[in-house]
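Remarks on the overall topology
Listed below are the residues making up each chain.
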Amino acid sequence: MIQMKRVTLCALRKNRKQVLEDLQRRGVVEISDIDIKDGVFQKTDLSDSRAVFAKNVSAARRALEILNRVVPQNQSMLAALEGKKQLSARQYEEFAQRHDETVRAAERLEALDRSIAESQSEIVRTELEREALSPWMETEVPLNFAGTKTTAAFIGSLPGAMTREELSVRVAQAAPQAGPFTAEVVGAAQDQTCFFLLCEKKDRETYAAALNALGFARPAAQSDRPPKQQAEALQAAAEEHRQAIERGEAEIKSLADRRNDLELLADYDTIRSDKYEVIGRLAQSKRTFLLTGFVPAKKAAGLEAALTGRYDLAIDFSDPDEKEDVPVLLKNNAFTTPVEDVVESFSLPGKGEIDPTAIMAPFYYFLYGMMLGDAAYGIIMTLVTFLLMKKFPRMSPTMHKMLNMFFYCGISTTFWGVMFGSYFGDVVDVVGSKFFHTSVSIPALWFAPLNQPMRLLVFCLLVGVIHLFTGLGAGLYEAVHAGRYRDALYDVVFWYLLVGGLIIMLLSSSMIRSMFGLSFVIPSPVATGAGIVAALAAAGIILTGGRESKNPVKRIMKGLYALYNVTGYLSDMLSYSRLLALGLATGVIASVVNKMAAMAGSGAVGAIVFILIFIVGHTLNIAINMLGAYVHTNRLQYVEFFGKFYSGGGRKFNPFSASAHTQYYQFKEENES
């Protein structure tokens with residue numbers, strides 16, 4: 001891990017903007033809150049300014065969503081690997097003059113999108129109204145026609161399909177005392193009868209009550225114009241809205257060349273918001289401001305030289321106090337750095353803990369390769385990840401680490417595939433016998449797991465013992481380095497002796513040797529000595545496992561409980577049998593795919609079918625087992641390995657950086673030492 005220094009800086013307030021922008025571009029200082037309560041220094045509330053920046057960022061991103069929907073960019077499937085565009089200080093400063101214009105462009109795009117959405121809603125509404133008018137198209141009077149001076153009109157519908165005669169009978173039966181009326185059926189819709197009824201005005205209320213009793217419903221579309229004219233008007237309105245949509249989309253397309261500026265606006269105001277957030281945490285007087293935080297020790301001298309050479313300020317570096325929550329920044333070589341994210345996914349090192357990355361990396365690649373264990377799959381992984389890293393040099397650091405990790409895992413997989421003689425499973429044997437009628441094979445450099453699974457199981461358990469004992473060794477190193485020699489003896493050495501002694505005792509058993517096919521024999525005195533050592537270690541664990549308790553009874557009980565953890569070691573070792581399970585699964589599935597592919601025969605058609613099934617089957621197999629190997633390799637690190645010495649709990653170093661929260665642009669940070 002990189003050593004951190006506490007940095008304290010006091011500068012003139014007139015240089016605040018320049019100093020903060022300099023720090024932001026360098027991206028090497030994590031700024032802390034300052035809590036100073038006196039009459040000189042105070043903090044500034046800049047929430048209103050940050051709200052404006054946030055509004056601009058949201059507007060820019062919504063505008064980009066609109067452009068991407070209306071004028072989509074042609075991007076490859078690998079566009080996500082391209083990373084952020086490079087942004088220089090000159091480009092950043094030049095954009096300040098286009099900032100307000102770009103904000104207006106974003107607002108215009110949002111307004112156009114709202115207008116298009118409203119027009120689309122209006123088109124839907126007019127279509128629904130036209131559809132509602134369809135049963136009434138033969139009616140020559142407006143649907144809201146209520147009658148004349150001497151007559152009353154009813155335009156509407158009744159449930160059920162009826163003829164004119166049936167309608168007249170039902171109305172007459174419902175109003176037997178009323179005067180004469182005339183009714184015409186004008187259409188039908190969804191098992192309803194649409195009609196026009198005319199009666200004398202004096203009978204209006206009587207017929208209204210009768211019709212309501214029959215389930216009378218007036219038309220949904222009411223208008224002062226006849227239905228046909230109303231439908232034509234609605235169609236004309238819909239056409240106007242369609243033209244408005246076309247005009248709006250045309251204007252949106254004309255603004256497509258502002259895409260880069262909109263992306264820059266989103267990141268520009270994100271950077272400004274971050275800067276104002278930091279300003280709000282500074283302690284400021286009338287003419288000065290005070291800043292404190294953490295900086296990597298190796299960057300301190302370069303930072304001091306750069307700032308003091310440009311500004312009038314005082315800067316001081318000191319070692320953090322023991323009680324301070326110092327952030328963690330990992331530093332490893334090219335071979336081990338790719339698995340830093342695996343460690344971070346679990347937890348960063350806490351106080352007094354070592355960075356486990358360097359110890360874990362060789363085991364990680366080793367175990368992953370054993371689980372996948374096919375040379376062809378490993379070659380594919382290695383080539384694909386290598387080419388992607390070369391083709392997309394600006395991909396995000398996280399993505400680069402992941403691909404680099406799979407690059408090394410691919411090398412390991414290739415190695416184990418050669419050792420086990422697996423190349424797309426047994427494809428060489430299958431192709432040779434099926435299409436060339438000859439026996440061709442690439443022999444395993446060591447042995448074939450499908451033929452000798454017990455041998456592989458023994459090796460997996462041996463790897464597990466080495467992995468677990470390495471974890472205990474890391475715990476021993478931490479304890480000795482911290483001067484906790486008793487803890488090193490009680491919590492590590494005793495367990496080494498106990499577990500090691502029990503393993504030797506088990507291996508001396510004829511049943512175990514027979515079960516695993518072991519050829520060596522452990523001499524009886526060695527086995528007896530191992531048993532004595534294990535017994536003494538067990539006694540030591542019982543006496544010291546509960547040493548924090550002053551009560552002797554509780555101490556012994558806790559010691560017995562600690563000794564019970566020996567069963568955990570047994571289960572941990574058995575967990576490494578998953579190396580066997582995953583390795584066999586990859587090989588078995590590959591062999592099944594090859595046999596299925598060869599079932600179509602040895603002719604031309606058989607060759608085509610073979611190629612198709614081969615490609616699909618092995619693509620699925622490598623995808624599934626790459627994921628399975630990744631998950632189970634992580635589990636062996638997190639549960640079995642880390643459980644012996646590592647708990648984590650550290651906080652990630654979060655520097656004040658111009659590119660920390662940007663989405664589209666990567667600032668060319670000035671973080672030279």
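Everything quoted here is computed from the prediction, not taken from an experiment. (Residues numbered from 1 in each chain as written. Predicted model: local features only at pLDDT ≥ 70, side-chain atom pairs only at ≥ 80, totals over all residues. Heavy atoms only, no water.)

**Considerations on the overall build of the protein chain**
We count it as follows: Helix and strand labels come from DSSP, where a helix needs a run of H or I of at least four residues and a strand needs a run of E of at least two; each type is numbered from the N terminus. C-alpha atoms define the radius of gyration, and 2.2 Å times the number of residues to the power 0.38 defines the globule rule. Note on exposure labels: buried denotes an accessible area under 20% of the residue type's maximum, exposed denotes more than 50%, and partly exposed covers the range between, all computed with a 1.4 Å probe on protein chains only.
Helix and strand content of the protein chain: 22 helices and 10 strands. Against the compact-globule benchmark of 26 Å for 673 residues, the protein chain has a radius of gyration of 40 Å, which places it well outside the compact range. Seen along its three principal axes, the alpha-carbon backbone of the protein chain occupies a region of about 125 × 85 × 65 Å. Expressed as a percentage of the 673 residues in the protein chain, the buried residues total 45%.

**Brief notes about the pattern of salt bridges**
Rules: Counted as salt bridges are all cases of a side-chain nitrogen of Lys or Arg within 4 Å of a carboxyl oxygen of Asp or Glu.
A full pass over the atoms with the stated rule returns 38 salt bridges. Residue Asp22 is joined to Arg26 by a salt bridge in which the shortest nitrogen-to-oxygen separation is 2.9 Å. Of the two residues, Asp22 and Arg26 are both situated in helix H1 (residues 16-26); the distance of 4 residues between them amounts to about one turn of the helix. A single burial state applies to Asp22 and to Arg26, both of which are buried.

**Quick look at a nonpolar patch on the surface**
Note the following rule: Two joining distances apply to patches: 9 Å for like charges and 5 Å for nonpolar side chains (Val, Leu, Ile, Met, Phe, Trp, Tyr), and every residue must have over 30% relative accessible area and no salt bridge. A 1.4 Å probe and the Shrake-Rupley method give the accessible areas. Residues count as covered only by the protein chains that appear here.
Taken together, the side chains of Leu450, Val588, Val592, Met596 and Met599 present a nonpolar region at the surface, about 480 Å² in accessible area. In this structure, Val592 sits in helix H21 (residues 577-597).

**Thoughts on helix H8 (residues 259-279)**
Rules: How far a helix is expected to stretch is found by multiplying one less than its residue total by 1.5 Å.
Here H8 spans 30 Å end to end across 21 residues, near enough to the 30 Å set by a 1.5 Å rise per residue. Of all 21 residues that make up H8, 17 are buried, and the element is covered over most of its length.

**Some details on the pairing of strand E1 (residues 4-12)**
Threshold: A pair of strands counts as paired when DSSP detects no fewer than two bridges linking them.
Pairing geometry for E1 and strand E8 (residues 288-296), over 9 bridges, is antiparallel. The residue of E8 that forms the bridge with Val7 is Gly293. As defined by bridge partners, E1 adjoins strand E9 (residues 313-318) across 6 bridges and the pair is classed as antiparallel. In the strand pairing of E9, Leu9 is matched with Ile315.

**Points about the sheet that holds strand E4 (residues 151-159)**
Here is the rule we go by: To obtain an axis, a line is fitted to C-alpha atoms, over the contacting stretch when the element is a helix, and the angle between two such axes runs from 0 to 180 degrees between their N-to-C directions. The contact definition used throughout considers only heavy atoms, calling two residues in contact when any of these lie within 4.5 Å.
Pairing in this open sheet of 3 strands is antiparallel, and the strands run E4-E6-E5 from one edge to the other. Here the strands that pair on one side only, and so sit at the sheet edges, are E4 and strand E5 (181-188). The sheet shows a mean angle of 20° between the axes of neighbouring strands, direction not considered. Of the pairings in the sheet, the one linking E5 to strand E6 (residues 192-200) comprises 7 bridges and is antiparallel in character. Bridging across to E6, Glu184 finds its partner in Phe196. Taken strand by strand, helix H5 (residues 164-174) contacts E4, E5 and E6, and its axis lies near 130° from that of E5.

**Looking at unusual backbone geometry**
If you check the backbone angles, Phe424 has positive phi at about 50° while not being a glycine. Inspection of the secondary structure puts Phe424 in the loop between helix H13 (397-420) and helix H14 (427-435). With phi around 50°, His437 is a residue other than glycine that occupies positive phi space. Within the secondary structure, His437 is located in the loop between H14 and helix H15 (453-481).

**As for the side chain of Asn634**
Checked against the element boundaries, Asn634 lands in helix H22 (residues 604-641). The residues contacting Asn634, other than those within four sequence positions of it, are Val342 and Tyr364.

**Things to note about the environment of Lys43**
Which entries qualify depends on this criterion: Pairs of N or O atoms are called polar contacts if they sit within 3.5 Å, as long as, within protein, a hydrogen donor faces a hydrogen acceptor (for residues adjacent in sequence, only side-chain-to-side-chain pairs).
On the secondary structure map, Lys43 appears in the loop between strand E2 (30-31) and helix H2 (47-70). Relative accessible area serves as the criterion here: at 43%, Lys43 is assigned to the partly exposed category. Between the C-alpha atom of Lys43 and that of Glu277, which follows or precedes it by 234 residues, the distance is 11 Å. When near neighbours in sequence (up to four residues on either side) are disregarded, Lys43 contacts Asp33, Ile34, Gly280, Arg281 and Leu282. A distance of 2.7 Å separates the side chain of Lys43 from the backbone oxygen of Ile34, its partner in a polar contact.

**As for the packing of helix H11 (residues 357-372) against H22**
In plain terms, the rule: Angles are sorted into four bins: roughly parallel if under 35 degrees, roughly antiparallel if over 145, roughly perpendicular if 65 to 115, and oblique for all others. Handedness of a helix crossing follows the sense of rotation of the near helix relative to the far helix, less than a right angle counterclockwise being left-handed and clockwise being right-handed. Ten residues, namely Ala, Val, Leu, Ile, Met, Phe, Trp, Tyr, Cys and Pro, are considered nonpolar, four, namely Asp, Glu, Lys and Arg, are considered charged, and the remaining ones, Gly among them, are considered polar.
Here H11 crosses H22 at 140°, and the two axes come no closer than 9 Å. By the angle between their directions, the pair H11 and H22 is classed as oblique. Note that H11 runs across H22; the crossing there is right-handed. Of the residues in H22, those in contact with Ile359, Met360, Phe363, Tyr364, Leu367, Tyr368, Met371 and Leu372 of H11 are Asn625, Met626, Ala629, Tyr630, His632, Thr633, Asn634, Leu636, Gln637 and Phe641. Along the lines of polarity and charge, the residues of the contact of H11 with H22 split into 13 nonpolar, 5 polar and no charged.

**Side note on the pairing of E6**
By the bridge criterion, 9 bridges tie E4 to E6 in an arrangement that is antiparallel. Opposite Ser157, over in E6, you have Cys194 as the bridge partner.

**A word on the state of the cysteines**
Put simply, the rule is: Pairs of cysteine sulfur atoms within 2.5 Å are identified as disulfides in what follows.
Enumeration according to the criterion identifies 0 disulfides in this entry. The structure places no disulfide on Cys409, whose sulfur is separated from the nearest cysteine sulfur, that of Cys460, by 16 Å. Taking the relative accessible area as the measure of exposure, Cys409 reaches 0% and is therefore buried. A residue is classified by how much of its surface remains accessible, and Cys460, at 0% relative accessible area, is buried.

**Concerning the environment of Lys554**
Structurally, Lys554 is set in helix H19 (residues 552-563). By relative accessible area, Lys554 is classed as exposed at 52%. The spatial distance from the C-alpha of Lys554 to the C-alpha of Glu304 is 56 Å, given a sequence separation of 250 residues.

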